[in-house]
Amino acid sequence: MQKFENVRVFDHPLIAHKIALLRDEKTNTKHFRELVEEITALMAYEALKDVPTKKVTVKTPLESCTQNVVEDDSVVIVPILRAGLGMVNGVHTLFPTAKVGHIGIYRDEKSLLPQEYYCKLPDHIEDKICIVLDPMLATGGSAKATIDILKKKYGCKKIKLMSIIAAPEGLEAVATAHKDVKIFVSAVDRQLNEKGYILPGLGDAGDRLFGTK
Ligand code: PRP
Ligand code: URA
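Residues numbered from 1 in each chain as written. Chains lettered and ligands numbered in written order. Predicted model: local features only at pLDDT ≥ 70, side-chain atom pairs only at ≥ 80, totals over all residues. Heavy atoms only, no water.

## Focus on the pattern of salt bridges
Phase 1 of the analysis: Throughout the structure, instances matching the rule amount to 14 salt bridges.
Phase 2 of the analysis: One salt bridge in this structure joins Glu46 and Arg8, with 2.9 Å as the shortest N-O distance. With Glu46 in helix 2 (residues 29–47) and Arg8 in strand 1 (residues 7–9), this residue pair connects regions lying 38 residues apart in the sequence.
Phase 3 of the analysis: On the accessibility criterion, Arg8 (29% relative accessible area) is partly exposed.
Phase 4 of the analysis: The closest approach of N and O atoms between Lys18 and Glu38, which form a salt bridge, is 3.0 Å. Remark: Glu38 occurs in helix 2 and Lys18 occurs in helix 1 (residues 13–23); sequence separation between them is 20 residues.
Phase 5 of the analysis: Judged by its relative accessible area of 35%, Glu38 falls in the partly exposed class.
Phase 6 of the analysis: Three or more residues are tied together by salt bridges with common partners; here these are Arg8, Glu46 and Lys49. (Salt bridge = Lys/Arg side-chain N within 4 Å of Asp/Glu carboxyl O. Helix = DSSP H or I, 4+ residues; strand = E, 2+ residues; numbered from the N terminus. Buried < 20%, exposed > 50% of the residue type's maximum accessible area, 1.4 Å probe, protein only.)

## Description of the side chain of Ser186
Phase 1 of the analysis: Relative to the helices and strands, Ser186 is located in strand 11 (residues 182–188).
Phase 2 of the analysis: Apart from residues no more than four positions distant in its own chain, Ser186 is found in contact with Phe10, Ile15, Ile19, Ile39, Met43, Ser163 and Ile164. (Contact = heavy atoms within 4.5 Å.)

## Focus on the site of ligand 1
Phase 1 of the analysis: In the vicinity of ligand 1, 14 residues are found, and the nearest of them are Arg107, Asp134, Thr139, Gly140 and Ser142.
Phase 2 of the analysis: A distance of 2.9 Å is found between an oxygen atom of ligand 1 and a side-chain nitrogen or oxygen belonging to Arg82.
Phase 3 of the analysis: Measuring from an oxygen atom of ligand 1, one finds a backbone N or O atom of Ala83 at 3.3 Å.
Phase 4 of the analysis: Protein chains bury 89% of the 500 Å² of accessible surface belonging to ligand 1 in isolation.
Phase 5 of the analysis: Taking a 2 Å distance to the grid points as the criterion, the majority of the atoms of ligand 1 fall inside the largest pocket.
Phase 6 of the analysis: Where the shell around ligand 1 is concerned, the elements lending two or more residues are strand 6 (102–107), strand 9 (136–137) and helix 4 (141–152).
Phase 7 of the analysis: Of the residues that constitute the shell around ligand 1, the class distribution is 6 nonpolar, 4 polar and 4 charged. (Near = heavy atom within 4 Å. Polar contact = N/O pair within 3.5 Å; in protein donor to acceptor, adjacent residues only side chain to side chain. Areas by Shrake-Rupley, 256 points an atom, 1.4 Å probe, with all protein chains shown as cover. 1 Å grid on protein atoms, 1.4 Å probe; cavity = no way out; pocket = protein on both sides within 12 Å on 5 of 7 lines; lining within 4 Å. Sits in = over half its atoms within 2 Å of the grid points. Nonpolar A, V, L, I, M, F, W, Y, C, P; charged D, E, K, R; others polar.)

## A short note on the environment of Lys160
Phase 1 of the analysis: One can find Lys160 in strand 10 (residues 158–166).
Phase 2 of the analysis: When the C-alpha positions of Lys160 and Asp108 are compared, they lie 25 Å apart, and in sequence the two are 52 residues distant.
Phase 3 of the analysis: Contact partners of Lys160, with chain neighbours within four places excluded, come to Ala47, Asp50, Ile129, Cys130, Ile131, Val132, Val181, Lys182 and Phe184.
Phase 4 of the analysis: From its side chain, Lys160 meets the backbone oxygen of Ala47 in a polar contact 3.1 Å long.
Phase 5 of the analysis: Here the side chain of Lys160 touches Asp50 through a polar contact of 2.8 Å, side chain to side chain.

## Things to note about helix 1
Phase 1 of the analysis: Inspection of helix 1 places Ile15, Ile19 and Leu22 among the buried residues, and these make up the whole buried set. On an axial view of helix 1, the arc spanned by its buried residues comes to 55°, and they lie on one face. Turned more than 90 degrees from where helix 1 packs its buried face, Pro13, Leu14 and His17 sit exposed.
Phase 2 of the analysis: Check the buried side of helix 1 and you find it contacts helix 2, strand 10, strand 11 and helix 6 (205–210). (Arc of directions from axis to C-beta.)

## Looking at the pairing of strand 6
Phase 1 of the analysis: Looking at chain direction, strand 4 (residues 75–81) and strand 6 are connected through 2 bridges and run parallel. Looking across to strand 6, one finds that Leu81 is bridged to Gly104.
Phase 2 of the analysis: Bridge count for strand 6 against strand 7 (residues 114–120) is 6 bridges, and the pairing is antiparallel. Note on strand 7: the bridge partner recorded for Tyr106 is Gln115.
Phase 3 of the analysis: Counted between consecutive antiparallel strands, the loop separating strand 6 from strand 7 contains 6 residues, among which Leu112 sits at a positive phi close to 65°. (Pairing = 2+ DSSP bridges.)

## A closer look at the packing of helix 1 against helix 2
Phase 1 of the analysis: Put simply, helix 1 and helix 2 touch, their axes get as near as 10 Å, and they point 155° apart. Taken together, the axes of helix 1 and helix 2 are roughly antiparallel relative to one another. In this structure, helix 1 crosses over helix 2, and the sense of that crossing is left-handed. Between helix 1 and helix 2, the residues in contact are Ile15, Lys18, Ile19, Leu21 and Leu22 and His31, Phe32, Leu35, Val36, Glu38, Ile39, Leu42 and Met43, respectively.
Phase 2 of the analysis: A per-class count over the contact of helix 1 with helix 2 returns 10 nonpolar, 1 polar and 2 charged. (Axes fitted to C-alpha atoms, helices over the stretch in contact; angles between N-to-C directions. Parallel < 35°, antiparallel > 145°, perpendicular 65-115°, else oblique. Left-handed = near helix turned anticlockwise from the far one by under 90°.)

Limitation: the analysis is restricted to geometry and does not speak to function.
Below you can see the structure in the form of structure tokens.
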């Protein structure tokens, strides 16, 4: 999937190790939540590489020096409810001042089409780096719909997407529909099943994060 210029697939042994644990049906809710956070933080380190910085003067115990620091107000994260919520703390570990906008989207069980039911974003996000968070990119419908909303309704110009596991179909759909959006994923799985679940995947991310099944 490195064939799309806007897609970055992480190939790192530490992330792979954590994904193996995440997939395991024996992993309990607490551990699952921790793993999603840890993987997100590792991914965010790269995804935030181009965050704007400014120079400040710092006085060390020995002398003053000039040092780059990040622009606090430059990043907004947009978790797709519910499962995207599990990734919020992972980004905040590295970038605690990121504001959070919430988008509620669920997939209709039959059509698999995304249904929006909630949207609350910070004001004036058009020039911020907006990072959409959803651990699962299956058909790509939820991510595509979210990116469409951010672009069309809110004028966002700098959008990124972070997903932990993607199906090839969904990744291709989002990468081609939104060529300007940089997509970060940590695994590209084999395929979707007839119900739109990723194989081998990890099951239903929302249910496993929140213990609803
Ligand atoms: C899951 C997942 C994604 C979406 C991915 O959400 O968290 O948002 O499916 O599928 P797609 O790429 O085919 O759109 P779900 O609809 O199960 O809602 P939930 O997070 O509230 O459980
Ligand atoms: N959503 C999930 O949580 N898991 C999948 O496999 C597909 C969509």
